[in-house]
Amino acid sequence: MSDNWIALIPKDPRYVPDGARQNLARDRFAEIAPDADEIEIKVTDKISFFDCGANFERICCPSCNSEISTEWWQDRMDDDYVDGGFTLAGYETPCCNARHSLDQLLYEWPQGFARFAIDAMNPNIGKLSNQHETEFEDILGTSLRVIYQHI
Ligand SMILES: [Zn+2]
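Being a predicted model, the structure only gives us computed values, none of them experimental.

1. Quick notes on the coordination of the zinc ion
Then, in step 1: Protein-derived ligands of the zinc ion are C61 (SG), C64 (SG), C95 (SG) and C96 (SG), with the metal-ligand distances lying across 2.3 to 2.4 Å.
Then, in step 2: Bound by 4 donor atoms, the zinc ion shows angles of 102 to 121° at the metal and therefore tetrahedral coordination geometry.
Then, in step 3: Of note, the donors binding the zinc ion are all from one chain and are spaced C-x2-C-x30-C-C. With C61 in the loop between β3 (58–60) and β4 (67–68) and C96 in the loop between β7 (91–92) and β8 (99–100), the pair connects residues that are 35 residues apart, well separated along the chain.

Okay, here's the thing in structure tokens:
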């Protein structure tokens, strides 16, 4: 038995919407995905990583589009994790020496870094429609990244 989540995180890793916006988003997610096992809001003081689980395929450099080895990436993840959170410092990519923080790399499928997330467990709605994504961006007052986690 496997589980799926749809998680919404701000593209700005440090952004946390206020409580009223969080509650509106949870109510709307429950309407959009009434079969979901759970709708959960997560807020952390430090920046956390939100992965896509088994949907992970590769990581590419935003400057030259080369694929970046997961070994290099894992080492930078270890470097960047300090006192219970990610600092999102800049690192020179091994392909073209461009300087990027870990949240600027291109993840397939999308993954991301945030202090706020709202997710639905086993939402049973397939992909979130563009219309609903835009609606959540209005509710939460920020641009969002949609993460499909499969475990
Ligand atoms: Zn590059």
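2. Regarding the domain arrangement of the protein chain
Then, in step 1: Segmenting the protein chain into domains produces domain 1 (1–49 + 114–151) and domain 2 (57–108).
Then, in step 2: Here domain 1 and domain 2 have C-alpha centroids that lie 24 Å from each other.
Then, in step 3: Tallying the contact residues gives 7 residues for domain 1 and 10 residues for domain 2.
Then, in step 4: When the buried area of domain 1 at its contact with domain 2 is split by residue, K46, I47 and F49 rank highest and sum to 65% of it.
Then, in step 5: Taken together, domain 1 and domain 2 are joined by 3 residue pairs in polar contact (both at pLDDT 80 or more).
Then, in step 6: In terms of residue count, strand β2 (residues 38–50) provides more of the side of domain 1 that touches domain 2 than any other element does, 4 residues in total.
Then, in step 7: For the side of domain 1 that touches domain 2, the per-class residue count stands at 3 nonpolar, 1 polar and 3 charged.

Cut-offs used in this document
Residues numbered from 1 in each chain as written. Predicted model: local features only at pLDDT ≥ 70, side-chain atom pairs only at ≥ 80, totals over all residues. Heavy atoms only, no water. Donors = N, O, S within 2.8 Å, 3.2 Å for Na, K, Ca; no water. Tetrahedral: all angles 85-135°; square planar, octahedral: opposite > 155°, others 65-115°. Helix = DSSP H or I, 4+ residues; strand = E, 2+ residues; numbered from the N terminus. Domains from an automatic or database assignment. Contact = heavy atoms within 4.5 Å. Buried area = accessible area lost by both parts, 1.4 Å probe. Polar contact = N/O pair within 3.5 Å; in protein donor to acceptor, adjacent residues only side chain to side chain. Nonpolar A, V, L, I, M, F, W, Y, C, P; charged D, E, K, R; others polar.

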